[in-house]
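One-letter residues, chain by chain:
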Amino acid sequence: MRVRPLSIAGSWEITPVQHPDPRGVFLEAFKAPVLGELIGHEFSLAQVNISVSAAGVLRGVHFADTPPGQAKYVTCSRGAVLDVVVDIRVGSPTFGQWDSVVLDDVDRRAIYLSEGLGHAFLSLADDSTVAYFCSTGYNPGGEHGIHPLDPTIGIDWPVVGRDGSPLEVSLSDKDTAAPSLDEAVASGLLPHLDDVDRYLSGLAARDA
């Protein structure tokens, strides 16, 4: 596996080595020792979610209360998405900034984002199938969102799909009603960097 840190601390792009032959292709999509060395503690898998999205579907920006937060290891087994990590940790030097990785069924990359970060993606092809390996289970009372089209964040979403056709962006009612970044700050909804770091330090000490 090749690993590249993203510009947002706590997030990485992970590219597997593919082994094609006349039958198809084989790859190691997830390796716990590699991820554990990156993040400094064992990744505890609690839940796997799968979404299938038409071209133009935009999901996010989603995040969870921290602690415990929700770390995610995300990959796309079919189609293509632009996957985005947003730094929503109040007090972070990159607060409000974002980085992105194209996840698709060609390079078969994954992205890891740690607790306290926001996550979103835009589907670039019909039936894009995304799997999220999550460190905690679904907690409806502790999961939140920020509007993915908030100009304060300014994510540069693609306007055409993988086949070159124009994209019509489609959001869920929940994501459409999500607050802006400034509104989330004002309401005290966002995690603080100190709290996130303290929680992650506790995980590292647990596994030392």
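What comes next is a walk through the structure. (Residues numbered from 1 in each chain as written. Predicted model: local features only at pLDDT ≥ 70, side-chain atom pairs only at ≥ 80, totals over all residues. Heavy atoms only, no water.)

1. Here we look at the side chain of T75
Tracing the chain through its elements places T75 in strand β7 (residues 72–78). Here R109 takes part through its backbone oxygen, which lies 3.1 Å from a polar atom of the side chain of T75. In this view, T75 contacts L103, R108, R109, A110, T129, V130, A131 and F133; residues no more than four positions away in its chain are not counted. (Helix = DSSP H or I, 4+ residues; strand = E, 2+ residues; numbered from the N terminus. Polar contact = N/O pair within 3.5 Å; in protein donor to acceptor, adjacent residues only side chain to side chain. Contact = heavy atoms within 4.5 Å.)

2. Section: empty space enclosed by the protein
Under the defined criterion, the tally for this structure stands at two cavities of 30 Å³ or more. Of the voids in this model, the largest cavity is the one considered here, and its volume is about 40 Å³. Forming the boundary of the largest cavity are H62, F63, A64, Q70, K72, L113, G116, L117 and H119. Sorting the residues of the lining of the largest cavity by element identifies β6 (58–64) and β11 (117–123) as the ones contributing at least two each. The element that contributes the greatest number of residues to the lining of the largest cavity is β6, accounting for three residues. Across the lining of the largest cavity, the residue classes break down as four nonpolar, four polar and one charged. Approximately 30 Å³ is the volume attributed to the second largest cavity. (1 Å grid on protein atoms, 1.4 Å probe; cavity = no way out; pocket = protein on both sides within 12 Å on 5 of 7 lines; lining within 4 Å. Points joined across faces, edges and corners; volume = space filled by probe spheres on them. Nonpolar A, V, L, I, M, F, W, Y, C, P; charged D, E, K, R; others polar.)

3. Quick notes on the sheet that holds strand β9 (residues 98–104)
Here five strands make up an open sheet; going across it, the order is β9-β8-β11-β6-β13 and the pairing antiparallel. Each end of this open sheet is capped by a strand with a single partner; those strands are β9 and β13 (143–145). The average angle at which neighbouring strand axes cross in this sheet is 25°, direction not considered. Sheet topology note: the β6/β11 ladder contains three bridges and is antiparallel. Residue L58 lies in a different strand from β11, and its bridge partner there is L122. (Pairing = 2+ DSSP bridges. Axes fitted to C-alpha atoms, helices over the stretch in contact; angles between N-to-C directions.)

4. Points about the nonpolar core
The biggest cluster of nonpolar side chains holds 20 residues, and the ones touching the most others in it are V86, I88, I146, I155, W157 and L190. For this core, the elements supplying multiple residues, two or more each, are β6, β8 (80–87), β11 and α3 (181–186). With four residues, β8 is the single largest residue contributor to this core. Setting aside residues up to four positions removed in sequence, I155 forms contacts with V61, V84, V86, W98 and P148. With 15 residues, the next largest nonpolar core counts L6, I8, I111 and C134 among its residues. (Core = buried A, V, L, I, M, F, W, Y, C linked by side-chain atoms within 4.5 Å. Buried < 20%, exposed > 50% of the residue type's maximum accessible area, 1.4 Å probe, protein only.)

5. A look at the layout of surface pockets
Estimates place the volume of the largest pocket at around 540 Å³. Secondary-structure elements contributing two or more residues to the lining of the largest pocket are β5 (47–53), β6, β11, β12 (128–134), β13 and α2 (173–176). Here the lining of the largest pocket gets five residues from one element, more than from any other, and that element is β6. Among the residues making up the lining of the largest pocket, the classes are represented as eleven nonpolar, ten polar and five charged.

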